[in-house]
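The lines below spell out each chain.
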Amino acid sequence: MKGFIKLILLVIIVGFALINYRIFTFTKGFSKREMEDKNLTEVISTITGINKIEYYKKTIADDKYIYNVFIETNTDAYLLSATQEEIDSFSVLSIFSEKLKPEKISPIPFYVEIVLGLLILIIPFGKRS
């Protein structure tokens, strides 16, 4: 029973991390990482169907792409890498459309979730025998 409780708590932490980093949403499922499989008509319909744009700084960033941008459309959700210049360009785009105004979010760092997971594995649950 102790092992089952620990497993459930670990699944909850992993689920929270996926939702926290916008990798999974309840409305759209798992976020897509690229838009290369779409033709021009699909890309235009995606652009006109944007509901929300959010971005956050990556915990482990490479040299060029230091942000992740979450774009939710009418049909899908996308999680794309972006540079500082691309984030700055959103301020120009937001003049033309209120939907293109990105919101900066601050997800809980993944190392906090790793520490919680390790604590769950170490701390005993249940009664003493």
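> Can you help me understand a negative patch on the surface in this one?
Where like charges cluster on the molecular surface, the negative patch consists of Glu34, Glu36, Asp37 and Glu42. Inspection of the secondary structure assignment puts Asp37 in the loop between β2 (29-30) and α2 (40-48). The exposure class assigned to Asp37 is exposed, which follows from its relative accessible area of 62%.

> Explain unusual backbone geometry here, please?
Only a minority of non-glycine residues have a phi that is not negative, and only a minority of peptide bonds are not trans. Phi at Arg22 takes a positive value of approximately 60°, unusual for a residue other than glycine. Following the sequence through the fold, Arg22 ends up in the loop between α1 (2-20) and β1 (24-25).

> Where do I start with the side chain of Ser31 in this structure?
Within the secondary structure, Ser31 is located in the loop between β2 and α2. The exposure class assigned to Ser31 is buried, which follows from its relative accessible area of 11%. A distance of 2.8 Å separates a polar side-chain atom of Ser31 from the backbone oxygen of Arg22. With residues near it in sequence (within four places) discarded, Ser31 still touches Arg22, Ile23, Phe70, Ala77, Tyr78 and Leu79.

Rules used throughout
- Residues numbered from 1 in each chain as written.
- Predicted model: local features only at pLDDT ≥ 70, side-chain atom pairs only at ≥ 80, totals over all residues.
- Heavy atoms only, no water.
- Patch = residues over 30% accessible without salt bridge, like charges linked within 9 Å, V, L, I, M, F, W, Y side chains within 5 Å.
- Areas by Shrake-Rupley, 256 points an atom, 1.4 Å probe, with all protein chains shown as cover.
- Salt bridge = Lys/Arg side-chain N within 4 Å of Asp/Glu carboxyl O.
- Lys, Arg positive; Asp, Glu negative; His and termini not counted.
- Charge placed at Lys NZ, Arg CZ, Asp CG, Glu CD.
- Helix = DSSP H or I, 4+ residues; strand = E, 2+ residues; numbered from the N terminus.
- Buried < 20%, exposed > 50% of the residue type's maximum accessible area, 1.4 Å probe, protein only.
- Polar contact = N/O pair within 3.5 Å; in protein donor to acceptor, adjacent residues only side chain to side chain.
- Contact = heavy atoms within 4.5 Å.

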